[in-house]
Amino acid sequence: MNTPTLGIIGGGQLGSLIADAAKKIDIKTVILSDDPNAPGKHFAAKFIFGKYDDDTTINNFINKVDLVTYEFENIPFTILKKINEKKKVLPKPEINQLIQHRETEKKFLNDNNITTTKYVTIKNEKDLRENVDLLPGLLKTTTLGYDGKGQYKLNTVDDITNEIDFTKEYILEKLIHLKKEISVVITRYDQNSYEIYDPIENIHKDQILKYSTIPSDISDDIRIKSIGWAKLIAERLDYIGTLCVEFFIDADDNLYSNEIAPRVHNSGHLTMNSHNISQFENHVRAVCGLEKIKTKKLYDAKMINLIGDDITLYRNKTLKDNEFFYDYLKTEIKNKRKMGHITIIQK
Ligand code: ADP
Ligand code: MG
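Residues numbered from 1 in each chain as written. Chains lettered and ligands numbered in written order. Predicted model: local features only at pLDDT ≥ 70, side-chain atom pairs only at ≥ 80, totals over all residues. Heavy atoms only, no water.

Turning our eyes to something else, we now look at the packing of aromatic side chains. The tally for this structure, following the rule as stated, stands at five aromatic pairs. Measuring from centroid to centroid gives 6.0 Å for Y152 and Y170, while their planes differ by 65 degrees, and the two rings are edge-to-face. Of the two residues, Y152 is situated in strand 8 (residues 151–154) and Y170 in strand 9 (residues 170–174); the sequence distance between them amounts to 18 residues. Residue classification places Y152 among the partly exposed residues on the basis of a relative accessible area of 22%. For the pair W229 and F247, a centre-to-centre distance of 6.3 Å together with 25 degrees between the ring planes defines the contact as stacked. Placement of the pair is W229 in helix 7 (residues 220–236) and F247 in strand 14 (residues 241–250), with a sequence separation of 18 residues. Since its relative accessible area comes to 1%, F247 is described here as buried. Above the plane of the ring of Y211 lies K302, whose end atom (NZ or CZ) is 4.7 Å from the centre. (Phe/Tyr/Trp six-rings, centres within 6.5 Å; stacked < 30°, edge-to-face > 60°. Helix = DSSP H or I, 4+ residues; strand = E, 2+ residues; numbered from the N terminus. Buried < 20%, exposed > 50% of the residue type's maximum accessible area, 1.4 Å probe, protein only. Lys NZ or Arg CZ within 6 Å of the ring centre and 35° of its normal.)

The next point concerns the coordination of the magnesium ion (ligand 2). Protein-derived ligands of the magnesium ion (ligand 2) are E246 (OE) and E259 (OE), with the metal-ligand distances lying across 2.0 to 2.4 Å. You can see E246 sitting in strand 14 and its partner E259 sitting in strand 15 (residues 255–261), a full 13 residues away along the chain. Using a relative accessible area of 15% as the deciding quantity, one classes E246 as buried. Relative accessible area serves as the criterion here: at 22%, E259 is assigned to the partly exposed category. (Donors = N, O, S within 2.8 Å, 3.2 Å for Na, K, Ca; no water.)

The omega angle of the peptide bond from L90 to P91 is -10 degrees, so this bond is cis rather than trans. Within the secondary structure layout, P91 lies in the loop between strand 5 (88–89) and helix 4 (93–99). Here I214 and P215 are connected by a cis peptide whose omega angle stands at 5 degrees. Within the element layout of this structure, P215 appears in the loop between strand 13 (208–214) and helix 7. Its identity is not glycine, yet D26 carries a phi of approximately 60 degrees, on the positive side. By the element assignment, D26 lies in the loop between helix 1 (13–24) and strand 2 (28–33). Classification of D26 as exposed rests on a relative accessible area of 63%. Of note in the backbone geometry, D238 takes a positive phi value of approximately 55 degrees without being a glycine.

Spelled out as structure tokens, the structure:
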């Protein structure tokens with residue numbers, strides 16, 4: 001097969017880093033974004049700006065690529081399905097549909113005997129008041145949430161106020177005593193054919209990922225169990241490409257699967273420097289049907305997200321030879337916006 005041209009829906013940092021990894025192995029990319037200033041235009045061979053629900057835009061995109069992947073899970077299923085009729089979309093659209101809704105996502109996990117925190121579906125205020133025994137808890141919108149957006153922390157009944165927007169659907173999740181958060185990034189190439197990165201330890205600030213470290217400081221039991229669950233998830237979904245499973249570990253060393261990201265993940269950015277093959281290159285290789293190369297860790301590493309103003313310091317900084325700085329080239333610095341990251345390897 002001649003090398004295919006890969007279409008990527010979404011032109012944020014994830015789409016950009018996929019395009020960058022593809023370029024290094026001579027795969028051409030076309031990024032489609034609904035933001036004319038998306039960072040992706042600096043990274044992809046071709047950049048198309050247009051709305052995802054616009055037929056002319058979609059047809060123009062489809063005609064330029066051999067297959068399609070995506071950087072984020074919030075693209076409407078109907079659009080992915082339509083594209084998939086003409087050019088293959090990987091991971092397949094049904095996976096995206098399942099995971100973009102917190103309720104179907106959690107049901108899928110529990111149906112496969114993977115532990116999640118306790119939760120109930122909340123359709124209105126009455127449902128919430130009937131389930132206050134789950135408090136303290138987090139009320140999370142069933143769709144479109146990320147970086148803690150669309151969440152309310154409810155300690156007691158008194159926190160059920162007018163501020164909660166009941167035009168939306170939620171799940172109410174019991175708050176657990178978090179000891180640690182880890183993630184497992186896995187790339188599935190085919191049935192029982194994987195590359196897996198060891199669990200990565202994550203620290204969030206204001207519900208946004210701030211630090212990721214490999215290796216994580218966890219017991220062998222937790223390591224084996226989290227990797228086993230990530231494999232099971234990838235297999236049951238018949239997934240092709242890179243996915244990430246986020247986990248919680250509570251004070252009693254219980255492991256819970258928090259959520260699945262059907263895409264490359266922020267916690268996996270350090271693999272660009274810690275491993276011979278990054279999560280992005282593995283994703284491109286898997287979806288394009290290229291050779292699977294044994295993925296090995298070369299260095300221990302720590303990644304720091306540069307959020308908002310953090311980036312300005314690094315734009316002019318002289319880096320040490322074990323530091324790697326990535327600027328997503330976003331046009332505007334915004335509070336809480338992920339602007340770039342730095343990875344420090346331990347030589
Ligand atoms: P998002 O989709 O915004 O990433 P998450 O469900 O991953 O939403 O929640 C964001 C963060 O909030 C988590 O990484 C964790 O730090 C905290 N959190 C979420 N749910 C719980 C919970 N049930 N108990 C304790 N902390 C939680
Ligand atoms: Mg999360």
